Amino acid sequence: MTRIKKLFNLDGKVAIVTGASKGIGEAMARGLAEHGAKVVISSRKQEAVDAVAEVFGKDGLEAIGVACHVASEEQCQQLIDTTVEQYGRIDILINNAGTNPYFGAIQDMPKGVYQKTMDINLNAPMHLSNLCYPHMKQQGGGSIIHISSIEGLHATAKFAAYNVSKAGLIMLAQNQAAEWGVDNIRVNVICPGLVKTKLSQMLWQDERNLQAFQKNIPLGRMAQPDEMAGLAVFLASEASSYMTGAVLVNDGGILHAPIMS
Ligand SMILES: NC(=O)c1ccc[n+]([C@@H]2O[C@H](COP(=O)([O-])OP(=O)(O)OC[C@H]3O[C@@H](n4cnc5c(N)ncnc54)[C@H](OP(=O)(O)O)[C@@H]3O)[C@@H](O)[C@H]2O)c1
C-alpha cells in the first residue's frame with residue numbers, strides 16, 4: 001500500500017458507532033468497516049443492529065450488533081464491556097445517535113422534551129466518551145467523533161432544544177480535545193447539513209418544501225448519508241493525526257454561503 005493511502009487504513013482498529021442501524025450512522029459504520037475496522041453497530045433495537053451487522057458480514061466486513069439506548073448508563077456500560085470482550089480494545093467512538101422530538105416555541109417546550117433531547121444528544125456522548133477514555137488512554141490513543149449539526153452553529157426558530165444540544169456537543173468536543181490531547185485521544189466534530197434520513201423527513205418529504213429549501217443550498221440538493229462517511233473515515237484514521245477540536249461542516253454550502261434571491 002502506498003504511504004498516503006496507508007494513512008486511511010483502519011486494519012486492526014475497533015470502532016463503536018451509535019445510531020448505526022440506519023441513516024448517517026450506518027453509512028459511517030460501513031465506511032469504517034470498508035477501510036478495515038471491526039465495527040460495533042449500535043442502536044436501541046437488537047433486531048435492527050443485527051440486521052445491519054448481517055448485511056456487513058455478507059459483504060465481507062467485520063461487525064457485530066449491540067443494542068444500547070444511549071440515555072441508559074447501564075446499557076452504555078454494557079456496550080463498552082461487550083466491545084472489549086468481543087474485540088479486546090476500543091480505538092474509535094462515533095457519537096451519532098440523536099433526536100429532535102420538538103418543533104415549536106421555546107416558552108411552550110415541555111420540560112421532559114428538553115431533558116430527553118439533552119440526555120440523548122449531549123449527555124450520552126459525554127458519558128460514552130468517559131467510558132471509552134480509560135481504554136483509549138491505556139492503548140496510547142483513540143479518535144472520538146461527535147455528530148453535531150449546522151444547527152449547532154446558528155439559531156433556527158422552533159428548533160431550540162436540538163440547537164442548544166448540538167452547540168453544547170461542539171463545546172464538549174473542544175474541551176475533551178483540550179484535556180485529552182496529552183493522551184493522544186483526538187476529539188472532532190462533524191456538522192452535517194440536510195441529509196436524507198428518517199430524522200430529517202419532515203424537511204424533505206413534501207416536494208414543494210424540499211424545492212424551496214434546496215434553493216438556498218449552493219450545491220442545489222440535500223446530501224445522501226454516504227456523503228458523510230468519508231469525513232468519518234478521515235477523522236477516525238491516521239490521515240487526521242494532527243487534528244483535534246476541529247469542527248467540520250459538510251452542508252453543501254448552506255451555512256456560509258446562502259444564496260440571495
Ligand atoms: N439527517 C440530517 O439532515 C442531519 C443533519 C444534521 C445532523 N444530523 C445528526 O446525525 C445523526 C444521525 O441522524 P440521522 O439523520 O442519520 O437519523 P436516522 O436515520 O433517524 O437514524 C437515527 C439512528 O439513531 C438511533 N437512535 C435513535 N435514538 C436512539 C437512542 N436513544 N439510543 C441509541 N440509538 C438511537 C436509531 O435507531 P433505533 O431507532 O433503532 O434506536 C437510528 O439508528 C443525529 O445525531 C442527527 O442529529 C442529521
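Preceding this section is the structure that the text describes.
The present account deals with the structure reproduced in this document. Nothing here was measured: the structure is a model prediction, and the numbers come from that model. (Residues numbered from 1 in each chain as written. Predicted model: local features only at pLDDT ≥ 70, side-chain atom pairs only at ≥ 80, totals over all residues. Heavy atoms only, no water.)

1. Things to note about the overall build of the protein
Defined as follows: Strands here are runs of E lasting at least two residues and helices are runs of H or I lasting at least four, both read from the DSSP assignment and numbered beginning at the N terminus. Within these notes, the globule rule equals 2.2 Å times the number of residues to the 0.38 power, and the radius of gyration is based on C-alpha atoms. Residue contacts follow a heavy-atom distance rule, with two residues in contact if any of their heavy atoms lie within 4.5 Å. By the counting scheme adopted, Arg and Lys are positive, Glu and Asp are negative, and His together with the chain ends is not counted. To locate a charge, take NZ of a lysine, CZ of an arginine, CG of an aspartate or CD of a glutamate.
Summing up its helical and strand segments, the protein has 9 helices and 7 strands in all. Here the C-alpha radius of gyration of the protein, 18 Å, is about what a compact globule of 261 residues would show, namely 18 Å. For the C-alpha atoms alone, the extent of the protein along its principal axes is close to 50 × 45 × 40 Å. Partitioning the intrachain contacts of the protein with sequence separation of at least 6 by distance along the chain shows that 71% fall at a separation of at least 24. In the protein, 22 positive and 24 negative side-chain charges are present, and the distance between their average locations comes to 5 Å.

2. A word on the packing of helix α4 (residues 73–87) against helix α5 (residues 111–139)
Stated formally: All axes here are fitted lines through C-alpha atoms, helices being fitted over the stretch that makes contact, and every angle between N-to-C directions spans 0 to 180 degrees. For classification purposes, angles smaller than 35 degrees are called roughly parallel, those larger than 145 roughly antiparallel, those between 65 and 115 roughly perpendicular, and all remaining angles oblique. It is the rotation of the near helix from the far one that decides the hand of a crossing: anticlockwise by less than a right angle makes it left-handed, clockwise makes it right-handed. Following the grouping adopted for this structure description, the nonpolar residues are Ala, Val, Leu, Ile, Met, Phe, Trp, Tyr, Cys and Pro, the charged ones are Asp, Glu, Lys and Arg, and the polar ones are all others, Gly among them.
At a minimum axis distance of 10 Å, the contact between α4 and α5 shows a crossing angle of 30°. By the criterion of interaxial angle, the relationship of α4 to α5 is roughly parallel. Crossing hand, α4 versus α5: right-handed. Between α4 and α5, the residues in contact are Glu73, Cys76, Gln77, Leu79, Ile80 and Val84 and His127, Leu128, Leu131, Cys132 and His135, respectively. Along the lines of polarity and charge, the residues of the contact of α4 with α5 split into 7 nonpolar, 3 polar and 1 charged.

3. Observations concerning the layout of surface pockets
Rule in force here: Every definition here rests on a 1 Å grid over the protein atoms only: cavities are sets of points where a 1.4 Å probe fits but cannot get out, pockets are open sets enclosed by protein on both sides within 12 Å along at least five of seven lines, and lining residues have some atom within 4 Å of a point. Grid points are joined across faces, edges and corners, and a volume is the space filled by probe spheres set on the points.
In this model, the second largest pocket occupies a volume close to 200 Å³. Taken together, 15 residues make up the lining of the second largest pocket; nearest its centre are Lys13, Gly141, Gly142, Asn184 and Glu238. Broken down by class, the residue content of the lining of the second largest pocket amounts to 2 nonpolar, 8 polar and 5 charged.

4. Section: the sheet that holds strand β4 (residues 92–95)
Short version of the rule: Strand pairing is defined by DSSP finding a minimum of two bridges between the two strands.
Strand order in the open sheet formed by 7 strands is β3-β2-β1-β4-β5-β6-β7, and the pairing between neighbours is parallel. Taken across any chain shown, the strands that pair with only one partner, and hence form the sheet edges, are β3 (63–65) and β7 (247–250). Across the sheet, the mean angle from the axis of one strand to that of its neighbour is 15°, orientation sign disregarded. Direction of pairing for strand β5 (residues 142–147) relative to strand β6 (residues 185–192): parallel, over a ladder of 6 bridges. Bridging from a neighbouring strand, histidine 146 pairs with valine 189 of β6.

5. Quick notes on the nonpolar core
If you look at soluble globular proteins, the nonpolar side chains tend to sit buried side by side. Condition: Buried Ala, Val, Leu, Ile, Met, Phe, Trp, Tyr and Cys residues form a nonpolar core when they are joined through side-chain atoms within 4.5 Å. Relative accessible area decides the class of each residue, using a 1.4 Å probe on protein chains only: under 20% of the type maximum gives buried, over 50% gives exposed, and in between gives partly exposed.
Leu32, Val39, Ile41, Phe56 and Ile94 are the most contacted members of the largest nonpolar core, which totals 33 residues. Not counting residues within four places of it along the chain, the set of residues in contact with isoleucine 41 comprises Val17, Ala20, Ser21, Ala29, Val49, Val52, Phe56, Ala63, Ile64, Gly65 and Val66. Among the nonpolar cores identified, the runner-up in size contains 32 residues, and Val14, Trp180, Cys191 and Ile254 belong to it.

6. Things to note about the packing of aromatic side chains
Formally: Here the aromatic set is Phe, Tyr and Trp, taking the six-membered ring for Trp, and pairing holds for ring centres within 6.5 Å; pairs whose planes are under 30 degrees apart are stacked, those over 60 apart are edge-to-face, and all others are tilted.
Scanning the model with the defined rule gives 4 aromatic pairs in all. When the centroid spacing of 6.5 Å and the interplanar angle of 35° are considered together, the rings of phenylalanine 8 and phenylalanine 234 count as tilted. Note that phenylalanine 8 is positioned in the loop between α1 (3–6) and β1 (14–18) and phenylalanine 234 in helix α9 (residues 229–236), a separation of 226 residues in sequence. For phenylalanine 8, a relative accessible area of 30% corresponds to the partly exposed category. By relative accessible area, phenylalanine 234 is classed as partly exposed at 22%. Within the aromatic cluster, the residues linked to one another by ring pairs are Phe103, Phe159 and Tyr162.

7. Some details on empty space enclosed by the protein
Enumeration according to the criterion identifies 1 cavity of 30 Å³ or more in this entry. In this structure, the largest cavity is lined by Thr18, Val70, Asn95, Asn96, Ala97, Ile120, Ala124, Pro125 and Leu128. Split by residue class, the lining of the largest cavity holds 6 nonpolar, 3 polar and no charged.

8. Comments concerning the site of the ligand
Quick reminder of the rule: Each residue is tested against the molecule or strand, and it is near if at least one of its non-hydrogen atoms lies within 4 Å. Pairs of N or O atoms within 3.5 Å make up the polar contacts considered here, provided that, within protein, one atom can donate a hydrogen while the other can accept it, and that residues adjacent in sequence are counted only when both atoms are side-chain atoms.
Inspection of the region around the ligand gives 29 residues, with Ser21, Arg44, Asn96, Tyr162 and Thr197 positioned closest. Between glycine 19 and the ligand, the recorded distance is 3.2 Å, taken from a backbone N or O atom to an oxygen atom. Here threonine 197 contributes a side-chain N or O atom positioned 2.5 Å from an oxygen atom of the ligand. At the level of elements, α2 (23–34) and α6 (160–180) are the ones that each hand at least two residues to the shell around the ligand. Partitioned by chemical class, the residues of the shell around the ligand number 12 nonpolar, 12 polar and 5 charged.

9. Comments concerning the environment of histidine 69
With respect to the secondary-structure elements, histidine 69 resides in the loop between β3 and α4. Ignoring any residue separated from it by four or fewer positions in sequence, one finds histidine 69 in contact with Arg44, Gln75, Cys76 and Ile120.

10. As for α5
Stated precisely, the cut-off is as follows: Expected helix span is taken as 1.5 Å per residue step, with the number of steps being one fewer than the number of residues. Working definition for bend: take the seven residues up to and ending at a residue and the seven starting at it, fit an axis to each, and measure the angle between the axes.
Taking 1.5 Å per residue as the helical rise, α5 with its 29 residues ought to reach 42 Å, and the 41 Å between its terminal C-alpha atoms agrees with that figure. Where α5 bends most, the angle comes to about 45°, and this point is asparagine 123, followed within four residues by the proline proline 125. Of the residues one or two after α5, glycine 140 is the one with positive phi, at around 100°.

Limitation: the analysis is restricted to geometry and does not speak to function.
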